[in-house]
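Structure assessment
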Amino acid sequence: MVCAGIFVAAADTPDQPVRDAVGLIEGEDIAVTGPMSVEVVGGQTKTILRSGSDVRVKSGQARISLVEGGQISICGPAHLSVLKSGGTVTVALESGAIRARLEREPALSVYTAQIQGQPVAIGDEPRDFLVGFESAGVMCVRTYRGAMRLEQQLSGQSVMVPQGGDVMLANGQIDALGNGSGHCTCELQIAKAPAVPLPRNEMPARTVESSKEGTVQSSGDASAAGEKSSKKEEPIYTVDMPPLRFDASAKVQPEPDPRLMVIVRRVRVRPTLIFQGRVEEEPVTTAAVVAPPQAPAGTAPAPAHVAPPPAQGSVVDRVRSFFHRLWTRGG
């Protein structure tokens, strides 16, 4: 029974990366630790966050494009962690500010040391909100589209921030909400192509079905675009890293074993080149026409009084010539 349990656990392991992928993160000055995947697409390194990833934005902004759709902008300096269980994403915010824009999916919660925030959609409208820290112990909440339910984790006291609300909390005190106008600014960065290049077969089923429907509707345009893009395709490199380990008692964290890293190179095999044409022979050189030899200069010309031999004519002409010579001799 123990061996059977081990085999079952081993069989479930390959499916785990498909469920815990959070999204792709981009930024100029960021540091990511914990579970993640790194891909090289078109010469650029892409980092995909997984459940348990720890993100630090040292300066500027960063953007997370979620797998299910939607984006989270992080305004630094900021420190947060992301967790995923099923279709729910949890952001544990320690410092900085985030602004999220979500469609119907995924369900998202924001946790701080004292407050839990849950965005609430109005009808089928998207959810757009901001949560951040102005300073230590001063928290800002702003709702652009939809509402936000705030709950004090210690006392269980809750309050609903309506759409368009802008409040500020001091030390997690919900009963002492203040006006947060002018605090915690974080602009939303809209990506032009927020597609997440998940490695291998990690594309969600909903995304695959929608892509199939779009292909059926515009098969002619897609085929033409595919032929153009195939000419510019480059090899795609995927780096699979072992799970990273953190030891709180160690001053220096152990480096991952490079022997357990796997680099996968994906390319498209090009068809064999076939040349068509014909081989022509070299042109044949024509021999020059040789002129007949001329008479030597010393040979004397024939006498002028000697008549040339008569031309051979018909039978009547020959008989007439015979009698003419006979009569001439007799006279």
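Here the structure is a predicted model, which means the values were calculated and not measured. For every chain, the first residue of its written sequence is number 1, and the numbers climb from 1 along that sequence. Residue-level local features of this predicted model are given only where pLDDT is at least 70; pairs of side-chain atoms are given and counted only at 80 or more, and the full residue set underlies all totals for whole chains, interfaces and linings. With hydrogens and water set aside, each side-chain value is computed from the structure's full complement of heavy atoms.

What about the pairing of strand S7 (residues 71-85)?
One bridge is not enough; two strands pair if DSSP finds at least two bridges between them. The helix and strand labels rest on DSSP assignments: H or I over at least four residues marks a helix, E over at least two residues marks a strand, and numbering proceeds from the N terminus. Pairing of strand S5 (residues 53-57) with S7, which is carried by five bridges, proceeds in the antiparallel orientation. Bridge pairing links arginine 56 to histidine 79 in S7. For strand S6 (residues 61-66) and S7, the ladder comprises five bridges, and the chain directions are antiparallel. Counted as the bridge partner of glutamine 61 is cysteine 75 from S7. In textbook terms, the turn of a hairpin is the stretch between consecutive antiparallel strands, and for S6 and S7 this stretch comprises four residues, one of which, glycine 69, has a positive phi near 115°. As paired strands, S7 and strand S8 (residues 88-102) are joined by 12 bridges and run antiparallel to one another. Bridging across to S8, lysine 84 finds its partner in valine 89.

Let's talk about the confidence of the model for the protein chain
pLDDT measures the predictor's confidence residue by residue and takes values from 0 up to 100. Residues at a pLDDT of 70 or more form 68% of the protein chain, whose mean pLDDT is 75. Looking at the elements of the protein chain, mean pLDDT is at its lowest for helix H1 (residues 2-12), recorded as 42, and at its highest for S5, recorded as 94. Here residues 1-17 is modelled with pLDDT under 50, and outside its nearest four sequence neighbours on either side it reaches two contacts, counting other chains as well. Two residues qualify as a contact provided that any one of their heavy atoms is within 4.5 Å of a heavy atom in the partner residue. Note that residues 199-219 has pLDDT below 50 and, in this model, 18 contacts with residues that lie over four places away or in other chains.

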